[in-house]
Every structure is written in C-alpha cells, then in structure tokens.
Amino acid sequence: MKDYIEERAISIANYIIDYNATVRQTAKAFGVSKSTVHKDVTDRLAQVNPGLAKQARKVLDINKSERHIRGGMATKEKYQHQQS
C-alpha cells in the first residue's frame, strides 16, 4: 500500500473519532467518496493500525445504528419549513 493512502486512512480515522463524524461528513471533508472512506477505515486501516481501526469502527457502528433517527428528523424539519 502506498504511503499517502496509509496517511489518508489514519487521518480519516482520527477525524471520525475526534468529530464523531459520519461517513458522509468525512467524505465531504476529505474530498473523497463514501466508499473510499469506508474502505480506508475497514480494510486498509486494519492492516496499518488495528487499534485505531477498532475505535473508528465503533463510532461508525453507533452512527449506523442512529441513522434512521437522523433521517426521520431531517424529514420532519423539511416539512415544518414548508408549512411556514
């Protein structure tokens, strides 16, 4: 694996942990796709730094379990603005 990919994977994991960020937010911040973020955290980082990968995975799992709530809140907010 190339050095810049390893560095990006570590940076992405640190960003996710520090900001409790979702895959979407992280992808936007780093200018990469959601699939790249996911691959960096799950596959590439596990080879480079397993401990950091585990921490980032924990945050992503929490975000995944809460995503249906966030979607409902976004829809509710959307319709509240339309009624005003």
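Our subject in this report is the structure included herewith. Everything numeric here is computed off the predicted structure, so don't read it as measured data. (Residues numbered from 1 in each chain as written. Predicted model: local features only at pLDDT ≥ 70, side-chain atom pairs only at ≥ 80, totals over all residues. Heavy atoms only, no water.)

1. Points about the layout of surface pockets
So, step 1. By volume, the largest pocket is sized at about 340 Å³.
So, step 2. Thr22, Val23, Arg24, Lys34, His38, Arg57, Leu60, Asp61, Asn63, Lys64, Arg67 and Arg70 together form the lining of the largest pocket.
So, step 3. Sorting the residues of the lining of the largest pocket by element identifies helix H2 (23-30), helix H3 (34-48) and helix H4 (50-83) as the ones contributing at least two each.
So, step 4. A total of seven residues in the lining of the largest pocket trace back to one element, the largest contributor, which is H4. (1 Å grid on protein atoms, 1.4 Å probe; cavity = no way out; pocket = protein on both sides within 12 Å on 5 of 7 lines; lining within 4 Å. Points joined across faces, edges and corners; volume = space filled by probe spheres on them. Helix = DSSP H or I, 4+ residues; strand = E, 2+ residues; numbered from the N terminus.)

2. Considerations on the side chain of Thr26
So, step 1. Note that Thr26 resides in helix H2.
So, step 2. Among the residues examined, Thr26 registers a relative accessible area of 0% and is labelled buried. (Buried < 20%, exposed > 50% of the residue type's maximum accessible area, 1.4 Å probe, protein only.)

3. Describing unusual backbone geometry
So, step 1. At Asn20, a residue that is not glycine, the phi angle is positive and equals roughly 55°.
So, step 2. Within the secondary structure layout, Asn20 lies in the loop between helix H1 (3-19) and H2.

4. Considering H1
So, step 1. Between its terminal C-alpha atoms H1 stretches 24 Å, which fits the 24 Å expected from 17 residues at 1.5 Å a residue.
So, step 2. Among the residues making up H1, those that are buried are Ile5, Ala9, Ile12, Ala13 and Ile16. The arc enclosing the buried residues of H1, seen along the axis, measures out at 95°, which places them on a common side. The exposed set on the far side of H1, more than 90 degrees from its buried face, consists of Asp3, Tyr4, Glu7, Asp18 and Tyr19.
So, step 3. On its buried side, H1 packs onto H2, H3 and H4.
So, step 4. Following H1 by one or two positions, Asn20 has its phi on the positive side, about 55°. (Expected span 1.5 Å × (residues − 1). Arc of directions from axis to C-beta. Contact = heavy atoms within 4.5 Å.)

5. Topic: the nonpolar core
So, step 1. In terms of nonpolar packing, the biggest core is built from 13 residues, with Ile12, Ala13, Ile16, Val37, Val41 and Leu45 touching the most fellow members.
So, step 2. At the level of secondary structure, the elements contributing two or more residues to this core comprise H1, H3 and H4.
So, step 3. A total of five residues in this core trace back to one element, the largest contributor, which is H4. (Core = buried A, V, L, I, M, F, W, Y, C linked by side-chain atoms within 4.5 Å.)

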